[in-house]
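Below are the chains, spelled out letter by letter.
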Amino acid sequence: MIKKINLQIEYIVISDGSSLESVYLPPDIFQYQILNYLKNLPKNIFQLIDAIKYYEFQLKSSLNEGYDLKVVNIKDWEILKNIIRNTVSVRLFFINGDSEKQAEILNDLISDKNKLDFFSYYKKKGAIENERIVDSPFDFLNKMITNQKIILESLGLKTNSIELSVPIEFSKIVSINYFLPVRNNIYTINNSIGNFFFPNIENDNEDEIKKKHGEISSLALKEKETFNRQEVFNQQLDNIDALIKIAYKENLIVRVSGIEPVFPPVIIAAPFHNPDFKSNDKALDYALTLEQTSNYTIDGNTSKSSLEMTLMAMQYHKIRLNYLDDLSYLHSSFTFSPSLRLPIKGKSLYRELSFFGPKSFASISKPNSRKKLLKSISKFGEKFADLTINLKTQKILKVRNSQIISISDLPIEWLTIDNIPLSFTHDICRIPETSMHGLMSHYVTSQNFKFSINRNIIKNTLIILGCQDAEFTRWHNEVFRLQTIFEFHVEICDSVEHVKSAVEKHRPDFLIFDCHGGIDTDSNSTYLIIGDEKLDSKKIVDNNISAPLVLLSACGTAPTYGTMNPIANAFFELGALSVTSTFLPISVDGGSILYLRLLNKLNHAANGVIHKNWLEFMSHIIRTSTINDAYITVLKKNEEINLSEFNHSNVRVLTDSLQFEKRRQLYITLDKKISQMTKDDYEYYSSIIPEYLLYTNLGRSDLILFDTWLEENNNKNVN
């Protein structure tokens, strides 16, 4: 049997399996610095040969290659070991030296005498000694250099050699910083240029590290109400983007459609204390009351009577925030993205967020309350920005042409910069922070399951019509009319069993649910209503109901406040890559029109060279739904309107909305553009609750590329 060669380095963590101890804390196995270990190491063996060429190829190809990280439960080892052994690649196994069962696995692997396998203890150092056991990331690098002849020959690279060095022109962008929320960017820069042996903080002795951290913390406490520490991110962002600018300046890469983002997405982690989380651990509960100031210092009671409790709570903070930093780095590794962790927030935002909790859904849905909704969202967005992002960083984000990936339970889509919601100007996808155990699965799925949008995506789409109320069925005729044109699948379902059968029958790439949504307040979870039955997370998993792409056209499937288990988590558990959900109740008419517009546009998008990725497409559909609503309102209210002028204006505005550079000005002038066609000064756009504030794109939909865009990109940048 011919073995497949894989130039990616496989990082394999052997886990003994751990129960879910807390949704607040990461899995036990990732509290042993394994993920931090990876930050000093390459993703691909070619980075050790020519890191700059590897980086250039990643830019050109949009391959989106992250770290090949596998977490293998020890009970599955016998099944997976043969799969692993059928690939020729350099592997680093992380072994629990305190486990007898893992010692047996280590002995088994060593007996294979595979010169490409290396081992590192992640817990207690085991009794087994071997020349391929490494003590540190740098020991691993040195062993690969020492054994490069056998490694390169085995991988079909025998004409190459490993010579780690950094071109002198890139040395000026390398720096050391002890501030943890921005440290990831140092590793990202080093990974871009192959600077794996750069002197870093881990090489300092323990006393020196404590001294430097103490100096930095003391200064931060004196300036706790400033954003001084966040300023470091701005310089790091310039350094990361400088590499992209060089590539464009020297014509190493060119834009394909002209509307795709210029820069890689920015990863923003916005940690948040979920108000519904309660435990039996007093220190952990106390930790959930402690926020950070704008300068990342703890803002809480540190009197002598609570000092011990505060120290324990801060340890919980450290474990949680370190894990968020590690996950942010892994997600940044797909695209060499900059990342920023915002100060941790909780009670200072509860009042503004409580208006959007499930308990308020009934009142929010009333017509007179809908008018207040936009004002409440804007109020939250302004406060969120004021508490977490300094003005200089806001200005940079405002003009940086990139998508945004948020790791947070907070609706970063609502954050406002200069009175404009971030989701109008930027394409945003979000990975929920709760539960912490699910964060790693998002990364592993995105790394191991490569899915793209093919030309026939519309024919591989399934729509589940789960409600036969009159307000729903009046739109069904249009669904069936479009079905005759585009040949997607439609199933009217009145039970969970019917949904299961429909998914098994059609095996869709894109699954749309059109139905009611609900909240289970006892379990703080959301569900869908199919006929008279609840389709909850357990039933979704038990019946294997999922697809790579999911759209939930239902009310409040991912609330911002008062839930810890949105139904999207069940789809992700089954391997979904993107689940578009709703923050709040949506109108049946608004939800129906949005997904009908999507169906009308999808075939064109999949067969033309327009959108780079699924996030770009979905954001455009959601963003422009409100624009279309405003123009439709104009037609209904003005019988004498000039149709030629009207159509020209509508097309021009929709075209401008595709272009990042024009969105801010479009937002400011949209009411005027529309009203100038009428005889009144009515604010047609501003009077509508924007759809882009009601929906949230969960999962890494930025990594899901359109085949047509990718083919054209290969023609222009790769071939």
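So, a few notes on the structure that sits alongside this text. (Residues numbered from 1 in each chain as written. Predicted model: local features only at pLDDT ≥ 70, side-chain atom pairs only at ≥ 80, totals over all residues. Heavy atoms only, no water.)

**Thoughts on the overall build of the chain**
If you tally the helices and strands in the chain, you get 27 helices and 23 strands. Each principal axis of the C-alpha atoms in the chain carries an extent, and together these give about 85 × 65 × 55 Å. Relative to its 719 residues, the chain shows a buried fraction of 59%. When contacts within the chain are restricted to residue pairs at least 6 apart in sequence, long-range pairs at least 24 apart make up 80% of them. As displayed, the chain offers around 30,100 Å² of accessible surface, 50% of which is attributable to carbon and sulfur atoms. Considering the chain, the positive charge centre built from 80 side chains and the negative charge centre built from 86 side chains are found 3 Å apart. (Helix = DSSP H or I, 4+ residues; strand = E, 2+ residues; numbered from the N terminus. Buried < 20%, exposed > 50% of the residue type's maximum accessible area, 1.4 Å probe, protein only. Contact = heavy atoms within 4.5 Å. Areas by Shrake-Rupley, 256 points an atom, 1.4 Å probe, with all protein chains shown as cover. Lys, Arg positive; Asp, Glu negative; His and termini not counted. Charge placed at Lys NZ, Arg CZ, Asp CG, Glu CD.)

**So, a nonpolar patch on the surface**
A cluster of nonpolar side chains, namely Phe-57, Leu-63 and Val-718, defines an oily patch on the protein surface of about 240 Å² accessible area. Inspection of the secondary structure puts Phe-57 in helix α2 (residues 47-61). (Patch = residues over 30% accessible without salt bridge, like charges linked within 9 Å, V, L, I, M, F, W, Y side chains within 5 Å. Salt bridge = Lys/Arg side-chain N within 4 Å of Asp/Glu carboxyl O.)

**Here's the deal with the pairing of strand β17 (residues 510-514)**
Burial analysis of β17 places five of its five residues in the buried class, which makes it a mostly covered element. Judged by which residues are buried, β17 turns out to be covered on both faces: Phe-510, Ile-512 and Asp-514 on one side and Leu-511 and Phe-513 on the other are all buried. In this sheet, β17 lies alongside strand β15 (residues 461-465) in parallel orientation, the contact comprising five bridges. Its bridge partner being in β17, Leu-465 is matched across the sheet by Asp-514. As defined by bridge partners, β17 adjoins strand β21 (residues 549-553) across five bridges and the pair is classed as parallel. In the strand pairing of β21, Asp-514 is matched with Ser-553. (Pairing = 2+ DSSP bridges.)

**Points about the nonpolar core**
Core analysis: the biggest nonpolar cluster contains 97 residues, and Leu-584 and Trp-614 have the highest contact counts within it. For Leu-584, the residues in contact, after removing those within four places along its chain, are Phe-356, Phe-361, Ile-364, Leu-373, Ile-377, Trp-414, Cys-555, Gly-556 and Leu-694. Residues Ile-29, Phe-30, Ile-162 and Met-440 belong to the second largest nonpolar core, which totals 54 residues. (Core = buried A, V, L, I, M, F, W, Y, C linked by side-chain atoms within 4.5 Å.)

**Notes on the side chain of Ser-15**
Checked against the element boundaries, Ser-15 lands in strand β2 (residues 10-15). When residues no more than four places from it in sequence are discounted, the contact partners of Ser-15 are Ile-29, Val-71, Val-72, Asn-73, Ile-74, Gln-102 and Tyr-122.

**As for the sheet that holds strand β19 (residues 525-530)**
Pairing between the strands of a sheet comes from backbone hydrogen bonds, and it takes one of two forms, parallel or antiparallel. Read from one edge to the other, the open sheet built from three strands follows the order β18-β19-β20, with strand pairing classed as antiparallel. Both edges of this open sheet fall to β18 (516-520) and β20 (533-535), since each of them pairs with a single strand only. For this sheet, the mean inter-axis angle between neighbouring strands, taken without regard to orientation, is 45°. Direction of pairing for β18 relative to β19: antiparallel, over a ladder of five bridges. Bridging across to β19, His-516 finds its partner in Ile-529. (Axes fitted to C-alpha atoms, helices over the stretch in contact; angles between N-to-C directions.)

**As for helix α9 (residues 231-249)**
In a regular helix each residue adds 1.5 Å, so 19 residues correspond to 27 Å; α9 covers 27 Å between its end C-alpha atoms and thus fits that length. For α9, the principal kink sits at Asp-241 and spans about 25°. Inspection of α9 places Phe-233, Asn-234, Gln-236, Leu-237, Asn-239, Ile-240, Asp-241, Leu-243, Ile-244 and Ala-247 among the buried residues, and these make up the whole buried set. Residues of α9 that are buried make contact with α2, α7 (180-193), β7 (266-269), β10 (339-341) and α15 (391-399). (Expected span 1.5 Å × (residues − 1). Bend = angle between axes of the 7 residues up to and from the residue.)

**Observations regarding the sheet that holds β7**
Across the sheet, ten strands lie side by side as β10-β7-β11-β14-β23-β22-β21-β17-β15-β16; this open sheet has mixed pairing. Single-partner strands in this sheet number two, and they are β10 and β16 (489-492). Here the average twist between neighbouring strands, direction ignored, is 20°. Two strands pair when backbone bridges link them, and strand β22 (residues 578-582) and strand β23 (residues 695-698) are joined in this way by four bridges, in the antiparallel orientation. Residue pairing for β23: Ser-581 is matched across the bridge by Thr-696. Set on the sheet, helix α20 (residues 496-506) makes contact with β15, β16 and β17; between it and β16 the angle comes to about 165°. With respect to the sheet, helix α23 (residues 588-607) is in contact with β15, β17, β21 and β23, its orientation differing from that of β17 by roughly 155°.

**Focus on the environment of Glu-616**
With respect to the helices, strands and loops of the structure, Glu-616 is situated in helix α24 (residues 614-637). Sequence separation of Glu-616 and Leu-658 is 42 residues, and the distance between their C-alpha atoms is 9.0 Å. If near-sequence neighbours (up to four positions away) are discounted, Glu-616 is found in contact with Ile-259, Glu-260, Pro-261, Gln-403, Asp-427, Ile-610 and His-611. There is a polar contact of 3.4 Å between the side chain of Glu-616 and the backbone nitrogen of Lys-612. (Polar contact = N/O pair within 3.5 Å; in protein donor to acceptor, adjacent residues only side chain to side chain.)

**Quick word on the packing of aromatic side chains**
Any pair of aromatic rings gets described here by the distance separating the centres and the angle formed by the planes. Under the definition given, this model contains 32 aromatic pairs. Taking 5.2 Å as the distance between ring centres and 90° as the angle between the ring planes, the aromatic pair formed by Tyr-37 and Phe-94 counts as edge-to-face. Of the two residues, Tyr-37 is situated in helix α1 (residues 34-38) and Phe-94 in strand β5 (residues 91-95); the sequence distance between them amounts to 57 residues. A single burial state applies to Tyr-37 and to Phe-94, both of which are buried. (Phe/Tyr/Trp six-rings, centres within 6.5 Å; stacked < 30°, edge-to-face > 60°.)

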